[in-house]
Each structure stands twice: as C-alpha cells, then as structure tokens.
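Each chain, letter by letter, is given below.
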Protein chains: 2
Amino acid sequence: MHSVGSMTYEAFNRQVMVSLEDICLEIFNDDTSTIKIKNPKIGVKKLVKIIEAALKLSNEKGFHAMSLRELCQESGMSMGGLYAYIESKDDLPRIIHDQGRRILGKVMSENLEDIRDPAQRLEMAIRIHLYLSERMLPWFYFAYMETRFFSTDVKQMSMSNELYTEKIFEKIVEDGCKSGIFAQVEPVFTASIIKAMLQDWYLKHWKYKNRKVSVDDYADFVISWVNGFLIAS
Amino acid sequence: MHSVGSMTYEAFNRQVMVSLEDICLEIFNDDTSTIKIKNPKIGVKKLVKIIEAALKLSNEKGFHAMSLRELCQESGMSMGGLYAYIESKDDLPRIIHDQGRRILGKVMSENLEDIRDPAQRLEMAIRIHLYLSERMLPWFYFAYMETRFFSTDVKQMSMSNELYTEKIFEKIVEDGCKSGIFAQVEPVFTASIIKAMLQDWYLKHWKYKNRKVSVDDYADFVISWVNGFLIAS
DNA sequence: AAAAAAATATCGAGCGTTCGCTATATTTTT
DNA sequence: AAAAATATAGCGAACGCTCGATATTTTTTT
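Residues numbered from 1 in each chain as written. Chains lettered and ligands numbered in written order. Predicted model: local features only at pLDDT ≥ 70, side-chain atom pairs only at ≥ 80, totals over all residues. Heavy atoms only, no water.

K.L.:
Kindly report on the side chain of Ser192 of chain A, identifying the contributing residues and their values.
P.N.:
The residue Ser192 of chain A is located in helix 10 (residues 187-203) in this model. For Ser192 of chain A, a relative accessible area of 0% puts it in the buried group. When sequence neighbours within four positions are dropped, the list of residues in contact with Ser192 of chain A reads Glu166 of chain A together with Asp200, Lys207, Tyr208 and Arg211 of chain B. (Helix = DSSP H or I, 4+ residues; strand = E, 2+ residues; numbered from the N terminus. Buried < 20%, exposed > 50% of the residue type's maximum accessible area, 1.4 Å probe, protein only. Contact = heavy atoms within 4.5 Å.)

Written out as structure tokens, the structure is:
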C-alpha cells in the first residue's frame, strides 16, 4: 500500500508524465477523417500549437469572440492551413475535450488503483485532482467555462467527464461510511461540495496567486476541512 | 435579536421584496444620458423586458453569441427601438450588473444589520445569499460566467461585488474566532470555501434540480458542514 | 548522388453571410 | 399638429469558410 502523506505538487510533477505531444499523437491517429495531414511529425507539432493557441485565446476572450484569424496568427499558420486540421470552428472544443478527457482518466485511475484505505484514497484523489488542474489549468478552465455553448455531443462528453469525477468521490465517501472510518454523511452531497472546492482552485486561480497560496497549501486546507467533517463529526 | 432558526426560502420570499420594476425605475432615472425615452411608464416596462431577454439569451448561448436581432425578437422590439435604451451592446452588461448590485447590497445589509451573534450571523448570511441567488438565478449565473469578457470598468464593478460578499464572510468568521465561539481557523481561506459552496448552488443548478434537492436542503447541508468545521474542530 | 516527378502541406485573397449600428420614415400618443 | 416612440432598410466591417496557386517534402528515376 502506498504512503500518501508526503505527496506534493513537486512529487506529482516528477512522477506523472503527461506529455501534450503524446496526447496529440493519439488525437492525430484517431481523427484521420477530419485531419487531412499525413505526416505525424508535422501534424502533431501543429496540433499542439493549435490547441495551445485556442485555449489561450478562448480563456482570454471567450471561444465565440475568438476569431479564426486570431487563432491563425497565434498558432503561426494561415486560414487554409488551419482547415487541414479542423472541419469547422466547432471542431475545436471537441478536440480540446478529447485531449483533456484522455489525460484526466489516465492520471486519476493510475494514481488511485492500488490505494484501498478510504481516508488515504480520498486524500490522494483530492491531491491528484488539484495538482492536475494546476498543471493543465487552461484546459480545466476552458472545460468549465465554455461547455454550455457547444453542440450536444461535446456537451454530453463534458458532462460525463464531470460525473466521472464526482462518482469517484461519491464512491470513496460511501466506502468510508460503510467501513465506519467516516462519519455517517450523505455521499452525494459531500462529493458535490468537495468538487466545488476543487473547482474553486482553477476557477479563481488569480485570487489564490495574489494571496501567495500554493496548490499544496490549498490541498492541505481542503483535506483538513474534509477530514474535520468526515472524521470529527 | 432575531431568531434565525426558522428562516426558509418561503419565508424569505414573503419577507424580502425585490421588485424588478423598482430597480429598473432607479436605473431609468439614473441613466438619463443613455436612455432616450421620456415616459417612465413605457421606459421601465421595456427595460425590464430587455434585461430579462438579455439574461435569458446570454445564459443560453453566451453574451457574445447573442445577436441584437435575437434580443429584439425576444424582448418584442425593433433594432431602432432597442437603441433608444442602450448606446451599444456593451451597455447591456453594465445595466445588468447595476441592477444586480443594487439588489444584492440592499438585501444583504437589510437582513444582517441587527444580528450580532457570529454563529447566527453566519447562518443568516449563508441563507440570504443562497435564497437570493435562487430567486435571481439568471443574474448570478450571468455575473459569474460573463464577467471576464467585459470592459475594464464593468469587470471591476463585478469584482468589487465579489469581494464585498467575501469580506462579509471573512468578517463574521474573524469575529467568531476572536470571541471564542468558533475554532481558530484561517478566515480568508474559510470565507473562500464557503463562497465556493454558495456559488455551486447557482452554477450547477440543474444538477441539484435533477436530484430534487431544494435550496433549503442545500442551505441546511452547507450550514451543518460549516458548523462541523468551525465549532467541532 | 543528382534531377525529375509526385505527393503533401501552406498560403492568403475573396466568397456569402451576419454582425453592430444608424438614418430615415412611419405610427402612436399627447 | 407637435412630440415621442417604433419600424424598416441598409451601411461598412468582420465573420467562418473555400479554393486555386505556391512552397515544401518525399519518392522515383536516371
């Protein structure tokens, strides 16, 4: 069994390798119908640039307000060139969500699979989620703020993503309650509120940055709060 | 001193009168330079329709994606008619924020002014904020989701709004710590997290509606969680 | 290994459409 | 009839998107 007491953001960064290139290669190989580029070396490199530029501009001024001409300038390509990678502007959110979903799923399951104790599992889940959102902040922000604008299928993809995370916390709390380690609480409610705390980190990032609160500080505080409720009460 | 134990959403609705007409009359009287309508009876009525329509469409598809032609159709007026009430599309967020800020400030201060006990004061602040956000859900959603897109002055107005609320909670927690009623906690952190919980109510409203969680249920749960942390630990 | 040919990737001007906005005409109210 | 409010037609600009031309890379031939 793992010892999770010493997990920090620094350790997370050393341990968890999520290369944007790797994920973009997967997307490149999957989306052969929309991506008209053959050479993976070229395609992946540009895909990375497109996603980074789209996230940057969308988070600054909103996806709708971002024009494709701006996106071209930011990612260093032309209108025509861009359209070798997407079929329409609405393709972008799908590509971006694809990328995030793959990483989130991979990292969460990898880090939780061999921790059995509910309290340790809960702490690890909270830390991993916070650390990953710190590392992929633009993606988390985008996924939260822009989802409501998109087509039904992208919206559903995003919602299932959200429920996936929430279910993880529900399950842990439920197990902890059953085994008597946690107090008898409502798992659905509890998971909701834990999630709200985790989201506050990436939605109000500027606030915590201004106050010089590190992600480790925040993680410690959330965990102490959750434990205060689940164990003391 | 008030007894706050029995405060419910129903009681809030009976007690707290926030008429959209009244607020729009105030806006109408203040914005004489931008609003070119003379007759208050006509002007206020249309102003209400414009605000309601703008909130509805913005929350559905985003402020940027909402065209003024759609807004005209939804509010039952023509392009020319609309421009008797606004100088530009960017006027709308300012008017909407104006309206919300007035109500929020009024309701919060009115309901908190004569409660001294920190625990009661905290509970009342949580309930009032939740109940008000339930009643003015489109406004709260709009204020949260669209702020980042707007001009500097509207953005600052919105941020000062946010800090105003946060300061209320900070102050209460601080007082409670000093007087020994609450455990020794970090007021800034604690206020942040309480705020995150309150925001979750109006940001994820569909989720709680699906689960048939009423705003009273949610308020009870938040308060029990906060008390669990502030008093038990 | 150099040259020619083919395949791949990039470019940017320009398409039709819709945007925010306004000048002018018309209707309604006083 | 004067004033106030509304409706309409249309402006220039910017939008998403396309397409023929061009540059670059890879493959084939000599």
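K.L.:
An account of the pattern of salt bridges is requested, with residue identities and associated values reported.
P.N.:
Residues and elements named next belong to chain B. Within this structure, the stated rule accounts for 42 salt bridges over all chains. Salt-bridge contacts for Arg94 lead to Asp31; the nearest nitrogen and oxygen are separated by 3.2 Å. Placement of Arg94 in helix 6 (residues 91-112) and of Asp31 in the loop between helix 2 (20-30) and helix 3 (40-61) is noted, with a sequence separation of 63 residues between them. Each member of the pair, Arg94 together with Asp31, is buried. In this structure, the salt-bridge partner of Asp98 is Arg102, at a minimum N-O distance of 3.7 Å. Residue Asp98 and its partner Arg102 are both found in helix 6; the two are separated by four residues, about one turn of the helix. Arg102 matches Asp98 in its accessibility class, with the two residues each being buried. (Salt bridge = Lys/Arg side-chain N within 4 Å of Asp/Glu carboxyl O.)

K.L.:
Outline the interface of chain A and chain B, supporting the account with residue identities and numerical values.
P.N.:
In this complex, chain A contributes 44 residues to the contact, which on the side of chain B involves 44 residues. Contact with chain B buries surface across chain A, with Arg148, Phe189 and Trp225 of chain A losing the most and accounting together for 21% of the total. Where chain A packs against chain B, one counts eight salt bridges. Between Lys204 of chain B and Glu162 of chain A there is a salt bridge, with its nearest N and O atoms 3.0 Å apart. In this assembly, chain A and chain B are joined by 18 residue pairs in polar contact (both at pLDDT 80 or more). Counting only elements with at least two residues in the side of chain A that touches chain B, the list comes to helix 3 (40-61), helix 8 (137-146), helix 9 (152-178), helix 10, helix 11 (205-210) and helix 12 (215-232) of chain A. Here the side of chain A that touches chain B gets 11 residues from one element, more than from any other, and that element is helix 10 of chain A. Classifying every residue of the side of chain A that touches chain B by side-chain character gives 22 nonpolar, nine polar and 13 charged. (Buried area = accessible area lost by both parts, 1.4 Å probe. Polar contact = N/O pair within 3.5 Å; in protein donor to acceptor, adjacent residues only side chain to side chain. Nonpolar A, V, L, I, M, F, W, Y, C, P; charged D, E, K, R; others polar.)

K.L.:
Help me get a handle on the environment of Ala84 of chain B, residues and values and all.
P.N.:
Residue and element names in this part refer to chain B. Take Ala84: it is sitting in the loop between helix 5 (79-82) and helix 6. What makes Ala84 buried here is its relative accessible area of 16%. With 49 residues separating them in the primary sequence, Ala84 and Ile35 have C-alpha atoms 5.9 Å apart. Every residue in contact with Ala84, bar those within four places of it in the chain, is listed here: Thr34, Ile35, Lys36 and Ile37.

K.L.:
Would you mind going over the protein's contact with DNA strand C in detail, with residue names and values included?
P.N.:
Taken together, the neighbourhood of DNA strand C is formed by 21 residues, with Lys38 and Asn39 of chain A together with Met79, Tyr83 and Lys89 of chain B sitting nearest. Of everything in DNA strand C that lies within 4 Å of the protein, sugar and phosphate atoms constitute 54%. In the model, a phosphate oxygen of DNA strand C is placed 2.5 Å from a nitrogen or oxygen of the Asn39 of chain A main chain. One of the side-chain N or O atoms of Tyr85 of chain A is found 3.5 Å from a phosphate oxygen in DNA strand C. If you list the elements that add at least two residues to the surface near DNA strand C, you get helix 3 and helix 5 (79-82) of chain A together with helix 4 (68-75) of chain B. Here the element with the most residues in the surface near DNA strand C is helix 5 of chain A; it accounts for three residues. Taken together, the residues of the surface near DNA strand C break down into nine nonpolar, six polar and six charged. (Near = heavy atom within 4 Å.)

K.L.:
If you had to explain the protein's contact with DNA strand D to someone new, which residues and values would you point to?
P.N.:
The environment of DNA strand D is made up of 22 residues, and the closest members are Arg69, Met79, Tyr83 and Lys89 of chain A together with Asn39 of chain B. Restricting the count to atoms of DNA strand D within 4 Å of the protein gives a sugar and phosphate share of 52%. Between Arg69 of chain A and DNA strand D, the recorded distance is 2.8 Å, taken from a side-chain N or O atom to a base oxygen. In this structure, a phosphate oxygen belonging to DNA strand D sits 2.9 Å away from a main-chain N or O atom of Asn39 of chain B. Sorting the residues of the surface near DNA strand D by element identifies helix 4 (68-75) and helix 5 of chain A together with helix 3 and helix 5 of chain B as the ones contributing at least two each.

K.L.:
Describe the packing of helix 6 of chain B against helix 8 (residues 137-146) of chain B, with residues and values.
P.N.:
All names here are of chain B. Taken N-terminus to C-terminus, the directions of helix 6 and helix 8 make an angle of 120 degrees; their axes are 10 Å apart at the nearest point. As the angle between them shows, helix 6 and helix 8 are arranged oblique. Between helix 6 and helix 8 lies a crossing whose hand is left-handed. Between helix 6 and helix 8, the contacting residues are Pro93, Ile96, His97, Gln99, Gly100, Arg101 and Leu104 on the first element and Trp139, Phe140, Phe142 and Ala143 on the second. (Axes fitted to C-alpha atoms, helices over the stretch in contact; angles between N-to-C directions. Parallel < 35°, antiparallel > 145°, perpendicular 65-115°, else oblique. Left-handed = near helix turned anticlockwise from the far one by under 90°.)

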